[in-house]
Structure formats: C-alpha cells, structure tokens
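Letter by letter, the chains look like this.
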Amino acid sequence: MPEAVLHVYRGDASGGGLKEYRVPLEEGMVVLDAIHHIQGHQAPDLAVRWNCKAAKCGSCSAEVNGKPKLLCKTRMDALPPGQPVVVQPLKAFPIVKDLVTDVQWNYEVNKRIPPFTPKPNAEWRWKQEDVDRVQEFRKCIECFLCQDVCHVLRSHGRTDAFAGPRFLVRVAGLEMHPMDALNRTKFLKEDAGIGLCNITKCCTEVCPEDITITDNAIIPLKERVVDDHYDPVRMLVRLVTGKKKGE
Amino acid sequence: MSERYESHDVDVLVIGAGGAGLRAAIEASAQGARVGVVCKSLLGKAHTVMAEGGVAAALAHVDPSDSWKVHFKDTMLGGKMLNNWRMAQLHAQEAPDRVRELERWGAVFDRTRDGRILQRNFGGHSSPRLAHVGDRTGLEMIRTLQDFGVHQGLEVYMECTVTKLLKQDSRVVGAFAYWRETGRFVLFRAKSVVLATGGIGKAYTITSNSWEYTGDGHALALGAGAELIDMEFVQFHPTGMVWPPGVQGLLVTEAVRGEGGLLRNATGERFMERYDPKRMELSTRDMVARAIYTEVKEGRGSPHGGAFLDISHKPPEMVKKKLPSMYHQFMEFANIDITKSPMEVGPTVHYIMGGVRVDADTGAATVPGLFAAGEASGGMHGANRLGGNSLSDLLVFGRRAGAGSAAYAAKAPGHGVVDPAQVAAAERELLEPFERASGPDPYSIHRRLQQSMHSLVGIFRTEQDLMKGIEEIVKLQAEANAVRVEGSRAFNPGWHLAHDLRNMLTISEAIARCALQRRESRGAHARLDYPNLNPELGDVNSVATLDGEAVRVSQSPLPRMPDELRALFATEPAGVQS
C-alpha cells in the first residue's frame, strides 16, 4: 500500500516542532483522515479539533503546507506528490497544543456586535432575491481561516483594534437583512476597526464556503461607514436634522 | 471539598449546545434563571450544524390544507404508533410558532413566491412541510440560536466534558466535568440540569455523527438513576456516502429526494416500487434504508456497495441553488458532479429515537432536578423519526425543557450539598487510566465496539446476533475498565476517548438488550427472526435502567392516546392503530 509522509506540529505554548509520521494512503483520503490514523495508531494524544468531517462545521482549521485549510476538505491527492505534507496550527491564534489553537477571542468579538433588531410592526414578507446576498453571508461556518490569513491579525496581531473578516461578514449579514432596523456603522468604524482592512482579498481566497468576503461584505460596509461618517453632505444634513441614517 | 476545584453556581445547567441545548438555555434564561451551558466542542459546532433538509412545521405556506393534526398523524404513523402521543401533539402544534420565532431572531429561510417561508417535501410528510435554507438549515438554526443566546447573558463553558451528575439523595444537584484544554476538573452546582447531548452514532462504524455523539446524556441519566426508553430504535439514514472510504457514512440529505431525486439499483430499476409503491423515494427512512441494504445484499448494488441516487434530470442551476452543499460535497470528496451523474449512497447510523424518559410538557426525567430534550430524550419519535422532525423537536422541547428546568430551579430551596465521595469517585475514574502501567488502548476497543454494533446490533437483527453482541459488549466493558492512556491531561484525545468509550459501551448494552427484548419488527427495529409487527407490542415501551454497572431492561405500558386523537387514525389499516 502506498504511504504518505506527514510532518505534524507537536508542541504547546512552551515550544515544539514538526514530527514525522507515515500513514497508509487510501483513495480519496483527506488530511484529517491521515491525522486520525496517526491518532488511532501512533500518537493517541495528538490534539486536533474536528466535528462534522464534511466541511460544514469549521472545526478542523489548520495550515497545510503553510496555507490555511480545513483538514477535512484537503485531499491528499491534491497535494504535491512525493513531498511530506506539513500540518501546523493556525498562526494567528495562540497555540494550545499540537493543532489546537485558542480561538476564544473570536467569541468575545462576536458578543460585542449589536444584535439583530427587527423593525417594529413590519410585515415579514420579502422576495428570495432580497435575501440571496444575506444568505451568502450566513453560509459562514466560523472556521476562522479568514481571520488566520488576514494580515491585520496574522502579521500585525491587531486583535485589539480589528474584528477580522469573519465578523465583518456577520455584520454585513445583519446590516443587509431586510427586517433589521439598526445602523452599525459607528460599531464598524470605532469597535470593529473596518478602516484597517486594506482590501487585499486574502480572506476571500481562503474561504471554504466561497463567500466573496471583500467585494460583497467588506467594501459595501466601508461605503456605508464613509457615507455616514465622512460624507460632507450627509454630515450637514445630520447637523441640521440631528438624525442619523437608519433612525 | 469543592474548594479544591474551580466551581460555578448556576440555577440551570444545560449540558450540550446544539439546537435543543441552546433553545433550552435561552428559555430558562428568559424565565429569569441564571444559566450555564457546557459543551464538548466550541460553540456552534454541535451536530445540529449538520442538519440539512429542513425543519418540519405545519405552516401551510405551500399546501394550505396542512395542519397540526396532519403533521401529528404523519409523525405517529412514521413512528409506528409507538410515539408518546402527547409529545407528538405538542410538537405538531408548537413547531410553526417556534419556526416563526426563529425568523424573528434573525434566521433567513428560503422564500415562497409571495415572500413567505418556503417549505419542501420530505419522506413520510403528506405535505411540503420543511422550512429550509438550501441544504444548510441546521447551520442557520444553530447560528441564530447562538447569536441570540450570547446576548442573553448565557454563561458558556466550551470544550468542557461532564462525566458525572452529582446527587443529594434522589435529587440531581450538579455535575462534575473536566476542561478538555487543560484536563483540570470543574464542579458545577445547579438547581436543575438539562441533558441535551444528542445521540450515540459513534458506537457504530458507519455513521453521519461526529466524535461528540457517544451517548453522554443517555449514560449520565442512567448513572443518575433515570430511565431510558425505546433504545432499540436506532435510525439508519438511507443515504450516506459510500465512497471514498474516508467519507463513508457522511450524510446525503433527504432533501435530494425531496427535490425529486430518484433511487435506482445496478440494473437501473427504481426499486422502491417493490418496497413502497405509493411513496417511492419519499417513503420513511426505515423503509428506504432496509430497501437499499436489501438491494445491495442481493447483488444489485452500485460498484461501491450502495444504490444510485440521481438528481441529474433536474436543471443544474436548481440543483446548485437548492442542494449547494451536496453539490460541493460530491465534487470535492468524490469527484462527482451531481448535476451530471448519480451519487452512490447507502445506510448510515444517524439518530436514536430512544432516550431519557421525560414528561412531555416539562421535559422532566424520572429523577428530580433532571430534564432532557432533543435526541437525548425519548418518546417523541416512537419507532422511527421522520426527516425534519428533529429540528422542530429541538425547538419545541428545548424550549419546554428550558421552561421546566427554570420553574424547578425557582421552586428549589437552594443549591444542594455536593457529596465529596461522589466527586472523589468521579475523579478517580478519570485519573486511573494514566496510572496503569499497561492496558489496552481506547482506540482499539472503540474500533471493536463499532464493528460489533454494526454487524451484530445493526440494520437487521436476530436473537443469536444480539446475544453475541451483548457478550462482546460486556467483554469490551471489562477491557475499557483496564484501559491505559498515554501523555498528559492537556488536550489529550486518547484520554477523552477513554471516558467517552464508557458511555458508548453502556448505551450499546442498552440498545442491544432492548433489541433482544422486543420480539417483533417495528420501524427502525427489524428482526429477521420476528419479521412482523406484533400489535401487542405496540402498547409497550422498552425501559432500560442501570443496576450497578449492568443494564437492566423491562417494559412499561405506552401512555394511552385520548379518543379524540385516536379518531384521526380510524381510517388507517388495522395494526397501525394499536
């Protein structure tokens, strides 16, 4: 039976390194299958998160050959043959152990997003076309690969100032919901730090759900922020009427 | 004693953060309770996320003649009349409100032309009844509940495993758990506890379930002295992927058939004609799963041992819009374009109808202070669950268990006293595997259990196989008690499995013993040696309890349906009315 060679990161906050494992290669095998094989036969304490194994839950996020990937969706036969497969934890988040990182920060950011606030006395009818875009954002499986690849978080570590693509997508889903009454541009500008995104589209490239994060979510939100906070005409209108958009 | 551990005091402790757990937590919190939610994974990753086809509710948006009574009747007939009638009634009556409520909390369902929630066909439902979002309805549901819940002040304890319920006399007063990340122990004191831990699929080789589904709630309930009912009813979903090996068992949504998908065998025949000519592909899951199994067994299977499921006669754009994740799943995992070629599918363990015996209205288990909802509870689905009735079950009975547990907590005199001896025993049980110099490893025991359950307590059963299965399980229990774990307590999957394995073994024994006791074929329980439905057994639930470490089974009478509901079934053929 053909064999695959994997170099898997083993270690924790105190340090670690790549360790080599060999596993029998099966047809259609994904990297997570190989990791499970290692767990079940060679290294029972190898830490990895996973759940659905069907690219629907976003648990098994890691880096394969340096690229953010879902382990369950990365086929071994799609990787360069004859070379070891390097599997490492997400770089943007603190390591817990082996392939598991501390992603708690994401859940803290989520709590700060002003919640869905339905319009009072509205009729709950809308066309499918009106929610196709919102449904695109709601496909997000919270794998945090976009957070991992985003250089604001990955290279500059600005978790203090930037919510990351995942949560801009979530805000977009709320802002474009036909029944939502709230305006979140102040949150986007001041808390989510949307201005820090300089539209390199790395997040869109890694999204396993094919959400067009930058073009469909972030750019329209940036425009709303500009309209509300920098547009001189609107600023004047606001000054005169004392009203904000959405009120 | 409790000073030695990190400890948390809540009014209501919810174990499990899928649809049922989150809905229970939201309701308990809305009733004024301080709520803690404990889950084994990260928030939002529970198996609800995998639910695809939709949530069943008689909204009557597509078929105006649909009503709760028709939904109730479909559910009871699908469950071969073994359902708890009161649960089935509440479920059918309340599901529409629960779905509308979800929409008010931000869920975005697919729409009808006139802008209302769209509904689709599903097996065993006599009208298009499933509100859905393409084929990712569960994701929509869990995310909506999660985002609504976090703004309600729920305290969420992620990646934390409860290993024992703690009792003061007869009453449940808390839970003992460990943090998966560090392996440190943690104590929860609670006035009431809701079990919403989902299913048991990981006891079988081929399953749609993830690693979490190890019968934790079922085993915790047994350990606390509660009763389980109807554990013999394990649902094999007819359509799991059969190839490639790594994704064997992965769910292929029933929505494929709901949207017009056809089942064929190797000869090209639409074989459901021979099994259920009236409903064909949209027959109930028990029927379709056995039909596919039989076709394969009799030599008419597809190349990789399944049946062909074909949706390629539908317009490709429609397939991609209504079944997007199926399209991607087959494209990426099997190199198959489902808009052009058929899929290969076969039965996969998906759901357990049996579970904790609960009061229909409050979710109260048979032990004071303990509640259960969702897949961990029993009764709602009888001998076979209809597709789409799980998501609605989670919402209806999650809410009810949340209300029930909050009401119980409000009346409770205060937190109970935690017994140091129980805590010490729970701690010992977890630490022993590290202290043994030698012993079997948990992974190999798990593989053997899965194989035994699949081959001996599977889709078709016989007395001989079941006896052998029980013997095997008891043997593996002894081995599991001597298991050895390597490494440290920090995020150690081998250690985690060593504990989960005990739960799987306990519930496997319950399944096998209940299956042995029920000498008939009904719904998902098919006995080759008793191939027919026995009307006398239509009036009894199987009951499982724990006696020391051994599972004891008995029977108890089914709650009797009131005459006005019974009248709904007057026109049905004899036998199903019992």
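Residues numbered from 1 in each chain as written. Chains lettered and ligands numbered in written order. Predicted model: local features only at pLDDT ≥ 70, side-chain atom pairs only at ≥ 80, totals over all residues. Heavy atoms only, no water.

Peer 1: Before we go on, may I ask you to explain the overall build of chain B in this structure?
Peer 2: Along its length, chain B carries 16 helices and 18 strands. Taken over the C-alpha trace, chain B has a radius of gyration of 23 Å; the compact-globule value for 578 residues is 25 Å, and the two agree within 12%. Referenced to the eigenvectors of the C-alpha coordinate spread, the extents of chain B come out at roughly 65 × 50 × 50 Å. Taking all 578 residues of chain B together, 66% fall into the buried category. Excluding contacts between residues fewer than 6 apart, the proportion of contacts in chain B whose partners are at least 24 apart in sequence is 74%. Carbon and sulfur atoms provide 51% of the accessible area of chain B, an area that totals close to 18300 Å². Of note, chain B has its 65 positive side-chain charges centred 2 Å away from the centre of its 68 negative side-chain charges. (Helix = DSSP H or I, 4+ residues; strand = E, 2+ residues; numbered from the N terminus. Rg over C-alpha atoms; globule rule 2.2 N^0.38 Å. Buried < 20%, exposed > 50% of the residue type's maximum accessible area, 1.4 Å probe, protein only. Contact = heavy atoms within 4.5 Å. Areas by Shrake-Rupley, 256 points an atom, 1.4 Å probe, with all protein chains shown as cover. Lys, Arg positive; Asp, Glu negative; His and termini not counted. Charge placed at Lys NZ, Arg CZ, Asp CG, Glu CD.)

Peer 1: Whenever I open this one, the interface of chain A and chain B confuses me. Can you help?
Peer 2: Where the parts come together, the accessible area they lose is often given as the size of the interface. Taken together, the 57 residues of chain A in the interface contact 61 residues of chain B. When chain A packs against chain B, close to 4900 Å² is buried across both sides, 53% of that on carbon and sulfur atoms. By the criterion of area lost to chain B, the three top residues of chain A are Lys56, Trp124 and Arg138 of chain A, representing 15% of everything that side buries. Counting every contact that joins chain A to chain B gives 8 salt bridges. Where chain A meets chain B, there are 38 residue pairs in polar contact (both at pLDDT 80 or more). Elements supplying a minimum of two residues to the side of chain A that touches chain B: α1 (31-41), β6 (95-97), α2 (104-112), α3 (128-138) and α6 (165-175) of chain A. In terms of residue count, the dominant contributor to the side of chain A that touches chain B is α3 of chain A (6 residues). Of the residues contributing to the side of chain A that touches chain B, the split by class is 25 nonpolar, 12 polar and 20 charged. (Buried area = accessible area lost by both parts, 1.4 Å probe. Salt bridge = Lys/Arg side-chain N within 4 Å of Asp/Glu carboxyl O. Polar contact = N/O pair within 3.5 Å; in protein donor to acceptor, adjacent residues only side chain to side chain. Nonpolar A, V, L, I, M, F, W, Y, C, P; charged D, E, K, R; others polar.)

Peer 1: Please explain the sheet that holds strand β14 (residues 343-352) of chain B as it appears in this structure.
Peer 2: Two pairing modes exist for strands in a sheet, parallel and antiparallel, and in both the strands are linked by backbone hydrogen bonds. All names here are of chain B. Strand order in the open sheet formed by 4 strands is β11-β14-β13-β12, with antiparallel pairing between adjacent strands. In this open sheet, the two edge strands, each paired with only one partner strand, are β11 (234-241) and β12 (262-264). Between one strand and the next, the sheet's axes are offset by a mean angle of 45 degrees, whatever the strand orientation. Pairing analysis gives 3 bridges linking strand β13 (residues 307-310) to β14, with the strands arranged antiparallel. Opposite Ala307, over in β14, you have Val345 as the bridge partner. (Pairing = 2+ DSSP bridges. Axes fitted to C-alpha atoms, helices over the stretch in contact; angles between N-to-C directions.)

Peer 1: Looking at this structure, how should I read the sheet that holds strand β5 (residues 130-131) of chain B?
Peer 2: On the basis of which strands lie adjacent, the open sheet formed by 3 strands has the order β3-β5-β4 (chain B) and antiparallel pairing. At either margin of the open sheet sits one strand with a lone partner, and together these are β3 (55-56) and β4 (119-120) of chain B.

Peer 1: In this structure, what is going on with the pattern of salt bridges? I would like to understand it.
Peer 2: Between side chains of opposite charge, a pair can form when the charged atoms approach closely. Taken as a whole and assessed by the stated rule, the structure comprises 75 salt bridges over all chains. A salt bridge links Arg158 of chain A to Asp160 of chain A, with the nearest nitrogen and oxygen atoms 3.0 Å apart. For Arg158 of chain A, a relative accessible area of 32% puts it in the partly exposed group. Close ionic contact of Arg274 of chain B with Glu295 of chain B constitutes a salt bridge, the shortest N to O distance being 3.1 Å. Taken as a pair, Arg274 of chain B in helix α7 (residues 272-275) and Glu295 of chain B in helix α8 (residues 285-297) lie far apart in primary sequence, 21 residues in all.

Peer 1: So what exactly am I meant to see when it comes to the UniProt feature "domain: Succinate dehydogenase/fumarate reductase N-terminal" (unreviewed entry) in chain A here?
Peer 2: The UniProt entry lists residues 9-104 of chain A under the feature "domain: Succinate dehydogenase/fumarate reductase N-terminal" (unreviewed entry), expressed in the numbering used here. In the segment residues 9-104 of chain A, helix accounts for 12% and strand for 32%; the C-alpha atoms at its two ends are 21 Å apart. (UniProt positions renumbered as here; feature names shortened; annotations may be inferred.)

Peer 1: Honestly, the packing of aromatic side chains in this entry has me stumped. Any pointers?
Peer 2: Any aromatic ring pair is given by two values, namely how distant the centres are and how the planes are angled relative to each other. Taken as a whole, this structure holds 19 aromatic pairs over all chains when the rule is applied. Geometrically, the ring pair formed by Phe116 of chain A and Trp124 of chain A is edge-to-face, given 6.4 Å between the ring centres and 75 degrees between the ring planes. Neither residue differs from the other here; Phe116 of chain A and Trp124 of chain A are each classed as buried. Consider the rings of Tyr157 of chain B and Phe188 of chain B, whose centres lie 4.9 Å apart with planes at 70 degrees: the pair is edge-to-face. Here Tyr157 of chain B is found in strand β6 (residues 155-157), whereas its partner Phe188 of chain B is found in strand β9 (residues 185-195), with 31 residues between them in sequence. Per residue, the accessibility class of Tyr157 of chain B equals that of Phe188 of chain B, and both read buried. Three or more aromatic residues link up through ring pairs in this structure, and these residues are Tyr107, Phe144 and Phe167 of chain A. Positioned above the aromatic ring of Phe144 of chain A, the side-chain terminus of Lys45 of chain B is 5.8 Å from the ring centre. (Phe/Tyr/Trp six-rings, centres within 6.5 Å; stacked < 30°, edge-to-face > 60°. Lys NZ or Arg CZ within 6 Å of the ring centre and 35° of its normal.)

Peer 1: Explanation requested: the pairing of β14 of chain B in the structure shown.
Peer 2: In the case of a regular strand, side chains alternate between the two sheet surfaces. Residues and elements named next belong to chain B. Most of β14 sits out of view: 10 of its 10 residues are buried. Summarising the sheet, β11 and β14 pair through 6 bridges and their orientation is antiparallel. Pairing of Gln235 across the sheet is with Tyr351, part of β14.

Peer 1: Explanation requested: empty space enclosed by the protein in the structure shown.
Peer 2: A probe matching the size of a water molecule, rolled over the atoms, marks out where space remains unfilled. Residues and elements named next belong to chain B. Scanning the model with the defined rule gives 7 cavities of 30 Å³ or more in all. Lining the largest cavity are 48 residues, with His47, Thr48, Gly198, Tyr213 and Glu375 sitting closest to its centre. Elements with a contribution of two residues or more to the lining of the largest cavity: α1 (19-30), β7 (160-168), α5 (216-223), β14 and α11 (389-411). Of the residues in the lining of the largest cavity, the class split is 20 nonpolar, 20 polar and 8 charged. (1 Å grid on protein atoms, 1.4 Å probe; cavity = no way out; pocket = protein on both sides within 12 Å on 5 of 7 lines; lining within 4 Å. Points joined across faces, edges and corners; volume = space filled by probe spheres on them.)

Peer 1: When you look at the layout of surface pockets in this model, what are you seeing that I'm missing?
Peer 2: In this structure, the largest pocket occupies an estimated 1300 Å³ of space. Lining the largest pocket are 47 residues, with His36, Trp50 and Lys53 of chain A together with Lys202 and Gln450 of chain B sitting closest to its centre. Of all elements in the fold, only α1 of chain A together with α13 (442-456) and α15 (493-517) of chain B reach the threshold of two or more residues within the lining of the largest pocket. The element best represented in the lining of the largest pocket is α1 of chain A, accounting for 6 residues. Taken as a whole, the second largest pocket holds about 790 Å³ of empty space. Surrounding the second largest pocket, 31 residues form its lining, Lys80, Asp276, Arg279, Thr284 and Met287 of chain B being those nearest its centre. Elements represented by at least two residues in the lining of the second largest pocket include exactly α2 (68-78) and α8 of chain B.

Peer 1: Can you help me understand α5 of chain B in this one?
Peer 2: Residue pairs three or four apart in sequence face the same way in an α-helix, which turns once every 3.6 residues. Residue and element names in this part refer to chain B. Taking burial as the measure, the 8 residues of α5 include 7 buried ones, the bulk of the element. By the burial criterion, the buried members of α5 are Asp216, Gly217, His218, Ala219, Leu220, Ala221 and Leu222. Once α5 ends, the next one or two residues include Gly225, with phi positive near 95 degrees.

Peer 1: Mind showing me how you'd approach unusual backbone geometry here?
Peer 2: Apart from glycine, the bulk of residues carry a negative phi angle, and the bulk of peptide bonds sit in the trans form. Along the chain, Trp243 of chain B connects to Pro244 of chain B via a cis peptide bond; the corresponding omega equals -5 degrees. With respect to the helices and strands, Pro244 of chain B occurs in the loop between β11 and α6 (255-258). In this structure, Ala55 of chain A is a non-glycine residue whose phi angle is positive, near 60 degrees. The residue Ala55 of chain A is located in the loop between α1 and β3 (61-64) in this model.

Peer 1: I'm lost on the domain arrangement of chain B in this one. Help?
Peer 2: Residues and elements named next belong to chain B. For chain B, the domain assignment lists domain 1 (6-234 + 351-411), domain 2 (236-347) and domain 3 (428-537). Relative to domain 2, the C-alpha centre of domain 1 lies at a distance of 28 Å. Here domain 1 and domain 2 share 3 salt bridges between them. (Domains from an automatic or database assignment.)

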